[in-house]
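# Fold and geometry: a report
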Amino acid sequence: MAVSKSVFEPPAPASGPLLSEREAMCPHRLVLEHVTSRWGVLVLIRLQERPYRFSELRRAIGRVSEKMLTQTLQTLERDGLVHRDAKPVIPPRVDYSLTGLGREAAEQVRALASWTERRMDGVLAARQAYDEARRADGEARRAHDEARSL
């Protein structure tokens, strides 16, 4: 997948353009942020299984507030990735499912999630090596500073 340079440009300052202007300037970046956000990833992966009602989806994802899930679903719906089906019954019933575009995005996100599962041992080993090197570097600096102060 080709990624435009604009995806990696820094965000506009808070006093800069309005949201709609920023969207027009860098729409790729915003969609990437939505799809790869903490809750966006989990919503896409869950909805890849089947349609969910809001409360079912919240339980399936776990540890997400109602507000965050609502915002995530609205954002993904606006981007055309999630379909919201409100049925006019009592009590109200709303089902969420993926659109064709959403299924494509979910496949990509699931591939990344699968990669992290497969490669977690390598990531943990890299973290440990990094932490040990930082610790050793810090000890060497302290020893050097102590020697200089004598």
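### Observations concerning the overall build of the chain
What the chain contains, in helices and strands, is 6 helices and 3 strands. Going from the N terminus to the C terminus, the chain shows its helices and strands as α-α-α-β-α-α-β-β-α. Relative to its 150 residues, the chain shows a buried fraction of 23%. Summarising the internal contacts of the chain: among those between residues at least 6 apart in sequence, 42% fall at separations of at least 24. Surface exposure of the chain reaches about 11,100 Å², of which carbon and sulfur atoms provide 55%.

### Points about the packing of aromatic side chains
Evaluated as defined, the whole model comprises 0 aromatic pairs. If you follow R50 out to its NZ or CZ, it ends over the ring of Y52, 3.9 Å from the centre.

### Structural notes on the sheet that holds strand β2 (residues 82-87)
Taken together, the 3 strands give an open sheet; going across it, the order is β1-β3-β2, and neighbouring strands pair in antiparallel fashion. Where the open sheet ends on each side, the last strands, each with one partner, are β1 (52-53) and β2. With 2 bridges connecting them, β1 and strand β3 (residues 93-98) associate as antiparallel partners. Along β3, the bridge assignment pairs Y52 with Y96. Together, β1, β2 and β3 form the strand contacts of helix α3 (residues 38-49), whose direction differs from that of β3 by roughly 95°.

### Some remarks on the pairing of β3
Across the 6 residues that make up β3, a large majority, 5, are buried. Note that β2 and β3 share 6 bridges and pair antiparallel. Note on β3: the bridge partner recorded for D85 is D95.

Conventions we followed
Residues numbered from 1 in each chain as written. Predicted model: local features only at pLDDT ≥ 70, side-chain atom pairs only at ≥ 80, totals over all residues. Heavy atoms only, no water. Helix = DSSP H or I, 4+ residues; strand = E, 2+ residues; numbered from the N terminus. Buried < 20%, exposed > 50% of the residue type's maximum accessible area, 1.4 Å probe, protein only. Contact = heavy atoms within 4.5 Å. Areas by Shrake-Rupley, 256 points an atom, 1.4 Å probe, with all protein chains shown as cover. Phe/Tyr/Trp six-rings, centres within 6.5 Å; stacked < 30°, edge-to-face > 60°. Lys NZ or Arg CZ within 6 Å of the ring centre and 35° of its normal. Pairing = 2+ DSSP bridges. Axes fitted to C-alpha atoms, helices over the stretch in contact; angles between N-to-C directions.

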